[in-house]
Structure formats: C-alpha cells, structure tokens
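# Residue-level structure breakdown
The chain contents come next:
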Amino acid sequence: MRNAAALPEGEINLTHHLTSIIASIVKHSPSLAHIDVGKVLVCIGSNRSGRRGGLYGKLIPLRFENGTEIVRYRGRYYTLPAISHNGADCLYIIYFYMPRFFDLPWNEKLRVIFHELYHISPRFDGDIRRMGAVKTAHGHSKKHFDSLYADELKAFSDYIRVTPAMNLLDMNTGALYRRYRKVTGVRMKSPKPVLLDHK
C-alpha cells in the first residue's frame, strides 16, 4: 500500500511555472531586462521524443520586421492574429515541447529557455533579434549566438539551484505525471499570417 506522501498531488500548470521562471531570468539578466513577461505567452506543444530534428522550444514573434503589424508579400497584405492572455496583448509566444524539452537535464532546460528569450528583439516590439542580413535568427554561427548569453546563463544557473523552481526543472515528463494527477498548460496552434483585404 502506498503511503500518503507518495500519492499524486493535484494539478500543475506548466505555463504558470515556466512563466515564473522566465520572470526570474529577466529580473536577474541585464541583457534580457527589456522583456515584459506579461506580453510573452508560454505554451506547451507536443513533439515525439524520438523524432529526428524535433524541437525543444520555439519563439513565435507576433509582429513583422521592426515591429510592423502588416506586411506586403507578392502584392497582398498580411497581418498576424491578435493574441491576448490575462488581459494583456501578447507580442511573443514561446513553445516548450513535451516530452523533448521536459526530458532534458535541468541545466539544458535553462539553456533552451535562455536561447528562446535571447531571440526577442532588444526593442521588444514583437520582432526577433536580427543577427544578420542573411542568417537572420542566429547570425553567422549558432555557437556564437549561444555565447552571447553564456555568462548570464551560468550566473542564473548558480542562483536557481537553491530555489523552489528546481522542483520543476529537475522533473522529466514521467516524473511530472507520476507526481501530479493533472498536468496542464496553455496549448494553441502556432498563429499564421492572415490575408487582409484583397484590394
């Protein structure tokens, strides 16, 4: 017979807990201080762990280049749908994929979170941080891109290791479902550009 301490707890909302970790990262990391966490929606996606090239995380900007809301492409005009959460208009969505992201070691989870946050434009205008004219997202090297926040990642890793947030970061997918009867989080399809008036 299982003792009471081993019984599953009620519910964990992954969106809430990951957003809290992101807020702590922003607070402690000068290069990410421009981020308004209230306008960043954390979503949980699904991705089979064995699939080749599967994602751990992904940032979706909700504006086009330089924060513009409308773009012209092949003579037609497009916009992105408005997304709001907790009464705030969102400028970014970050997806973390289950089970791949949650099966990473805790320090690799943090690396993925930092990587996606660093893609956010320093202007926080809904656009990405543009690293080059050709290879826009990462510039000439993903390794160089990752090096730009390496010191802050290390400092935050040292900080968070002694906080309650480690309870989540230390758990893989299996542990989450063993500990909680219900594992929830915001889920939505990645928003796609919407065609405006044909005129």
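Residues numbered from 1 in each chain as written. Predicted model: local features only at pLDDT ≥ 70, side-chain atom pairs only at ≥ 80, totals over all residues. Heavy atoms only, no water.

## What about the overall build of the protein?
In terms of regular secondary structure, the protein is built from 6 helices and 10 strands. The globule rule puts the C-alpha radius of gyration for 199 residues at 16 Å, and the 18 Å found for the protein is close to it. When its C-alpha atoms are laid out on the principal axes, the protein stretches across 70 × 35 × 35 Å. Intrachain contacts of the protein at a sequence separation of at least 6 include 77% that bridge at least 24 residues. About 11,500 Å² of surface is accessible on the protein, with carbon and sulfur atoms providing 52% of the total. (Helix = DSSP H or I, 4+ residues; strand = E, 2+ residues; numbered from the N terminus. Rg over C-alpha atoms; globule rule 2.2 N^0.38 Å. Contact = heavy atoms within 4.5 Å. Areas by Shrake-Rupley, 256 points an atom, 1.4 Å probe, with all protein chains shown as cover.)

## Describing the packing of helix H2 (residues 106-118) against helix H4 (residues 150-160)
Two elements in contact, H2 and H4, have axes separated by 11 Å at closest approach and are oriented at 135°. Judged by the inter-axis angle, H2 sits oblique to H4. Crossing of H2 over H4 shows right-handed handedness. Between H2, through Trp106, Leu110, Arg111 and Phe114, and H4, the contact on the second element is made entirely by Glu152, Leu153, Phe156, Ser157 and Ile160. Looking at the contact of H2 with H4 residue by residue, the class counts come to 6 nonpolar, 1 polar and 2 charged. (Axes fitted to C-alpha atoms, helices over the stretch in contact; angles between N-to-C directions. Parallel < 35°, antiparallel > 145°, perpendicular 65-115°, else oblique. Left-handed = near helix turned anticlockwise from the far one by under 90°. Nonpolar A, V, L, I, M, F, W, Y, C, P; charged D, E, K, R; others polar.)

## Regarding the pattern of salt bridges
Counting across every chain of the model gives 5 salt bridges. Asp125 is the partner of Arg123 in a salt bridge, and the nearest nitrogen-oxygen pair spans 3.0 Å. Assessed through its relative accessible area of 16%, Asp125 is described here as buried. (Salt bridge = Lys/Arg side-chain N within 4 Å of Asp/Glu carboxyl O. Buried < 20%, exposed > 50% of the residue type's maximum accessible area, 1.4 Å probe, protein only.)

## Focus: the confidence of the model for the protein
Keep in mind that low pLDDT regions are not for reading the predicted coordinates in detail. Considering every residue of the protein, the mean pLDDT works out to 90; 90% of them sit at 70 or more. A low-confidence stretch, residues 1-5 (pLDDT under 50), is modelled with 2 contacts involving residues beyond four sequence positions or located in other chains. (pLDDT = per-residue confidence, 0-100.)

## Some remarks on unusual backbone geometry
The residue after Met98, namely Pro99, is reached through a cis peptide bond having omega 10°. Positioned with a positive phi, Asn86 is a non-glycine residue whose angle comes to about 55°. Checked against the element boundaries, Asn86 lands in the loop between strand E6 (84-85) and strand E7 (88-89). For Asn86, a relative accessible area of 73% puts it in the exposed group. A positive phi angle, near 45°, is found at Phe124, a position not held by glycine. For Phe124, the location among the structural elements is in the loop between H2 and helix H3 (142-147). Using a relative accessible area of 12% as the deciding quantity, one classes Phe124 as buried.

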